[in-house]
Structure formats: C-alpha cells, structure tokens
Amino acid sequence: FLKVSLLFIFSLGLYFCFIGGYGSDEDTLPMIYSFESKLYDGRFVSSRFTGNPVAEIGIGFLSVFFGSFLANLFTYLFLLFGLFFFYLSFNKTQSHNQIYLFLLICLTNPILFFDNLEPIDYSWAFFFFSCGVFFLSKKLFEIAVVMFAFAIGTRINYVLFVLFVILFYHFK
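My aim in this report is to walk through the structure given alongside it, one point at a time. Residues take numbers from 1 onward in each chain, read along the sequence in its written order. Whole-chain, interface and lining totals are the exception, using all residues; otherwise, since this is a predicted model, local features are given only for residues with pLDDT of at least 70 and side-chain atom pairs are given and counted only at 80 or more. Hydrogens and waters are ignored; side-chain quantities use all the structure's heavy atoms.

To continue, consider the packing of helix α7 (residues 122–137) against helix α9 (residues 158–170). Axis definition: a line fitted to C-alpha atoms, over the contacting stretch in the case of helices. Angles run 0 to 180 degrees between N-to-C directions. Each helix corresponds to a stretch of at least 4 residues labelled H or I by DSSP, and each strand to a stretch of at least 2 residues labelled E; elements are numbered beginning at the N terminus. At a closest axis distance of 11 Å, the pairing of α7 and α9 adopts a crossing angle of 15°. It follows from the interaxial angle that α7 and α9 lie roughly parallel. Crossing of α7 against α9: the hand is right-handed. Contacts between α7 and α9 involve Tyr-122, Ala-125, Phe-126, Phe-129, Val-133, Leu-136 and Ser-137 from the former and Tyr-158, Phe-161, Val-162, Val-165, Ile-166 and Tyr-169 from the latter. Classification used: nonpolar for Ala, Val, Leu, Ile, Met, Phe, Trp, Tyr, Cys and Pro, charged for Asp, Glu, Lys and Arg, polar for all others including Gly. Taken together, the residues of the contact of α7 with α9 sort by class into 12 nonpolar, one polar and no charged. Working rule for angles: under 35 degrees goes down as roughly parallel, over 145 as roughly antiparallel, 65 to 115 as roughly perpendicular, anything else as oblique. Two helices cross in a left-handed way if the nearer one is turned anticlockwise from the farther one by less than a right angle. They cross in a right-handed way if the turn is clockwise. Any two residues whose heavy atoms approach within 4.5 Å at even a single point are treated as in contact.

This is the structure we're talking about:
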C-alpha cells in the first residue's frame, strides 16, 4: 500500500510539474531575470535584497535553456532527495517501510507538496542542507561544509539551521 501510494503521489507531482508553468511564486521571475541579465548583459542583478546566487544560477539556467518543466522537475526532485537524505541522517535503522511512511507523510502535506512543484529556492536549499546533515552524520566534514555552503548560497537564512545542526552534532 505504501509503495503504490508513493508511486501515485510521485506521478501526480510529475504531472503538476509538467502543466504548472512557472507557478505563482513571486520570486521565480526575478531569479530568472537575474540569470538572464548576467548571461546576456554581463551584469549582476540580485533577485532579492541579499541575492541567492545558487538558486538564481540553477533555476535561471534550467528555465532559460530548458523551460519550466525541467526547472519544476529539479525543484521537485530536490525535495524528494532532500527528504530522503534528511531521513537517513537521523534514522539508523534501514527499514524500507519506515522511509516509505516518512515520505508519504511528508508528501501528503499539501504545503510541502504543492509549494515544491514550481521553481522556488526552498527545496534547493533544503536539498543541500539535508545532504550536509547526512555527510556530517557520516563524519565526512569537508563534503558537509561544501553542501552547507551551497545551502546558504541558495537561501541565506540557512545559516541558522547550519549552526544549530553543527551544535547538535558537536554536543551529541
């Protein structure tokens, strides 16, 4: 039942990625414009106050050269893989049913599901953050630092999450 439910939700997500266009997030178009201005004019225009270069380059590149479906698909896959790595970071048992249940609970949350079917930087940052947590849990510190840097370069507010995770593992 879990596998069939997850397959249905995954397929539904793919369908929504295909028909969704660039979605309704007001930050998507400025991120694409930031990439286009660097590509065509050679000037950097921040999409927001602080700028988020990883998301601006990634989402902009996918949108300009491949269109909304691939930008949406990457965002959706980053959510899925981010959830997977986040689960593996904290769960030491490798039960397939537990991870299927975890993914099902997360993906049936309409906010998590629908907000990550359009090209936004939340799931991009979460993916890099969860990879960083995973590598930190495996004591692969150099790779964790690189992943944390990408997470912060995607969304600056991930500095706080990174600091708390490092403190968590340091005092564990």
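Next comes the rest of the description.
With that settled, consider the packing of aromatic side chains. Note on ring pairs: Phe, Tyr and Trp rings are taken, using the six-membered ring of Trp, and paired if centres are within 6.5 Å. Classes follow the plane angle, with under 30 degrees stacked, over 60 edge-to-face and the rest tilted. In the structure shown here, the tally under the stated rule is 30 aromatic pairs. Plain terms: the ring middles of Phe-61 and Phe-65 are 5.1 Å apart, the flat faces sit at 50° to each other, and that makes the pair tilted. With Phe-61 and Phe-65 both in helix α3 (residues 53–66), this residue pair falls four residues apart, about one helical turn. With a 1.4 Å probe rolled over the protein chains alone, any residue whose accessible area is under 20% of its type maximum counts as buried; one over 50% counts as exposed, and the rest are partly exposed. Taking the relative accessible area as the measure of exposure, Phe-61 reaches 36% and is therefore partly exposed.

To find leftover empty space, a probe the size of one water molecule is rolled over the atoms. Site definitions follow a grid-based scheme: protein atoms alone, a 1 Å grid, a 1.4 Å probe that fits but cannot get out for cavities, and for pockets an open set with protein on both sides within 12 Å along at least five of seven lines, plus lining residues having an atom within 4 Å of a point. Grid points are joined across faces, edges and corners, and a volume is the space filled by probe spheres set on the points. By volume, the largest pocket amounts to about 240 Å³. Classifying every residue of the lining of the largest pocket by side-chain character gives 10 nonpolar, no polar and one charged. By volume, the second largest pocket is sized at about 160 Å³. In this structure, the second largest pocket is lined by Leu-79, Leu-83, Ile-111, Leu-112, Asp-115, Asn-116, Ile-120, Tyr-122, Ser-123 and Phe-126. Those elements giving two or more residues to the lining of the second largest pocket turn out to be α4 (68–90), α6 (110–115) and α7. The residue inventory of the lining of the second largest pocket, partitioned by class, reads seven nonpolar, two polar and one charged.

Everything listed is a geometric property; what it means functionally is a separate question.
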